[in-house]
Structure formats: structure tokens, C-alpha cells
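What follows is the residue order along each chain.
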Amino acid sequence: NAGVTQTPKFQVLKTGQSMTLQCAQDMNHNSMYWYRQDPGMGLRLIYYSASEGTTDKGEVPNGYNVSRLNKREFSLRLESAAPSQTSVYFCASSEGLAVGTDTQYFGPGTRLTVL
Amino acid sequence: LAKTTQPISMDSYEGQEVNITCSHNNIATNDYITWYQQFPSQGPRFIIQGYKTKVTNEVASLFIPADRKSSTLSLPRVSLSDTAVYYCLVGDSQNTGTASKLTFGTGTRLQVTL
């Protein structure tokens, strides 16, 4: 099992450009998450998805859109990138729907720089 | 989800036992306590989870007093490879509608030296 995979690993964008971060999991998990982590900070939840076609906003959803394409894949889109979105982005998944207690499995992260 | 408070950083020598305490004064009846570990340039990794008293696995122990308002992660005989950030989360096992409140906080940065 590859677990949770993310592409790309690194990306540099110019202000105003758009891009999509891809995430896939092969553990047949129901829940998937997108987090961002700024230098010296903890992880902040951007969006959460409990199942295909359903998404919920997290703590910092502004400037992002997500799509739960199927049970395996959960993508994060930046429509018009801003320097404030420079961060490391982590995707995670968990088996059930209890976001407060289910063990989350994280991908390796995508390091995004917006110039 | 209950708010948690942890020390920002801790230092230890290799071979010592390290105890990291997390305060969660407003923990609710259905809440569990979960700890994650994050190495530089990696995503967090689950360490241990508990509800009350003591839980032990091959990596760590988790001590939770009777009032459950705090918890202590204990790492026995740390090595250099235990240098990481440790996060405490408190969450409800029954409530599936709390994603917007899910937060890892800033965690405790543990530095282990020789």
C-alpha cells in the first residue's frame, strides 16, 4: 500500500496563477482532509470530505476549492494564488467519520511558494 | 473540539524519559485524547490515543488523571530520532460534524541532544 500520495511535491507559482494539488489514498478510507502548515505553526484544516461528493469547510477555506472525485481522490484548487498561500499543504485520510478521534494518515506534503 | 494547551518547546538528553503535558480543561464526556508526532518535512503520524487512566504501546505511554483535564505523553529513553513536534488533540468520537473546529495547534517541539 502506498498510503496517501500527493502531487506535486514542490511548486512555484506567480501571483494570480491557478493550480490543483492532487491527493489519493489506497486504504479505502471514507474521510479525507486538506491542511496547510505555515512556518513554525501547527496544521490548520482547509477542507474536509466525509464521502464522494460531500465537502465541508475547515478553519481556513477562503481562497480554495476542493473536489472529492471519488472515494480515493481529493483535490485542492487555488484559483488565483496569492503570496499568503505560500505554505506546505498536507492531505490526510481516515477510515471513519469521527473526525475528532479517527486516526489520520498523512501524505508527504506539497511545498508551495507563491511569488 | 476542546481547546488544548501545550508547552511550546522542551529539551532532553538522549536516554532520558520525556513527559509532555497537555491541558484540556473543557474536555467533554465523549472526548478522546490523541497524540501525533511530526518530523521535519513530513506529515504527522499517530502515536497513541486514550480516554482515561493509562494507555501504553510500543512507542509511548499516555497518562490521563481521573478528572481528564490534562494528559501526559511519556516517551521512555528518548533518542536523537525522537526530535520532533508533538501534537495533542481532543475530539469527540460520536460527533461527525466538527471538522471546522479540528485543529492541531502549534504543538510541543522536542529537541533531543547527546
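This text goes with the structure placed above it.
It should be emphasised that the depicted structure is a prediction, and the values quoted were computed from it without experimental measurement. Numbers given for residues are sequential positions, taken from 1 along each chain in its written order. In the order they appear in the text, chains get letters beginning with A and ligands get numbers beginning with 1. Residues qualify for local features only when their pLDDT is at least 70, as the model is predicted, and side-chain atom pairs are given and counted only at 80 or more; totals for whole chains, interfaces and linings, by contrast, use all residues. Neither water nor hydrogens contribute to the side-chain values; these are computed over all heavy atoms in the structure.

**Focus on the side chain of B:His24**
All names here are of chain B. To keep it simple, the criterion reads: Each helix is a run of DSSP H or I of at least 4 residues and each strand a run of E of at least 2, with the numbering of both proceeding from the N terminus. Think of it in three bands: with a 1.4 Å probe and only protein chains considered, a residue is buried below 20% of the maximum accessible area for its type, exposed above 50%, and partly exposed in between. Identification of polar contacts relies on pairs of N or O atoms within 3.5 Å, with a donor-acceptor requirement for protein atoms, meaning one able to donate a hydrogen and the other able to accept it, and with residues adjacent in sequence counted only if both atoms are side-chain atoms.
The topology assignment puts histidine 24 in the loop between β2 (18-23) and β3 (31-38). Judged by its relative accessible area of 0%, histidine 24 is buried. Only 2.9 Å separates the side chain of histidine 24 from the backbone oxygen of arginine 68, close enough to count as a polar contact.

**Brief notes about the state of the cysteines**
As a reminder of what qualifies: Disulfides are defined as pairs of cysteine sulfur atoms found within 2.5 Å of each other.
This structure, assessed with the given rule, holds two disulfides over all chains. Sulfur-sulfur distance for the disulfide between A:Cys23 and A:Cys91 comes to 1.8 Å. Of note, the bridge from A:Cys23 to A:Cys91 carries an S-S torsion of about -75 degrees and is left-handed in sense. Pair noted here: A:Cys23 is in strand β3 (residues 19-25) and A:Cys91 is in strand β9 (residues 87-94), with a separation of 68 residues, a long-range link. Assigned by exposure class, A:Cys23 and A:Cys91 land together as buried. Two residues share a disulfide in this structure: B:Cys22 and B:Cys88, whose sulfurs sit 2.2 Å from each other. Every disulfide takes its handedness from the sign of the S-S torsion; for B:Cys22 and B:Cys88 that torsion is -80 degrees, giving left-handed. Taken as a pair, B:Cys22 in strand β2 and B:Cys88 in strand β8 (residues 84-92) lie far apart in primary sequence, 66 residues in all. A residue is classified by how much of its surface remains accessible, and B:Cys22, at 0% relative accessible area, is buried. Given the relative accessible area of 1%, B:Cys88 is considered buried.

**Thoughts on the sheet that holds strand β5 (residues 53-56) of chain B**
Residues and elements named next belong to chain B. Applied cut-off: Any two strands with at least two DSSP-identified bridges between them are counted as paired. For helices, the axis comes from a line fit to the C-alpha atoms of the stretch in contact; other axes are also lines fit to C-alpha atoms, and the angle between any two N-to-C directions lies between 0 and 180 degrees.
Spatially, β2-β7-β6-β5 is the arrangement adopted by the four strands of the open sheet, whose pairing is antiparallel. Bordering the open sheet on either side are β2 and β5, each of which pairs with just one other strand. Averaged over all pairs of adjacent strands, the angle between strand axes in this sheet comes to 15 degrees, irrespective of strand direction. By the bridge criterion, six bridges tie β2 to strand β7 (residues 70-75) in an arrangement that is antiparallel. Following the sheet pairing, cysteine 22 is matched in β7 by serine 71.

**As for the pattern of salt bridges**
All names here are of chain A. Filter applied, for reference: Put simply, a salt bridge is a Lys or Arg side-chain nitrogen that is within 4 Å of an Asp or Glu carboxyl oxygen.
Taken as a whole and judged by the stated rule, the model has three salt bridges over all chains. The closest approach of N and O atoms between aspartate 38 and arginine 36, which form a salt bridge, is 2.9 Å. Since its relative accessible area comes to 8%, arginine 36 is described here as buried. With a shortest N-O distance of 2.6 Å, aspartate 38 and arginine 44 are connected by a salt bridge. Residue classification places aspartate 38 among the buried positions, given a relative accessible area of 14%. Overall, arginine 44 belongs to the partly exposed group, its relative accessible area being 24%. Three or more residues joined by partner-sharing salt bridges are found here, namely Arg36, Asp38 and Arg44.

Purely spatial values, then, with no claim about function.
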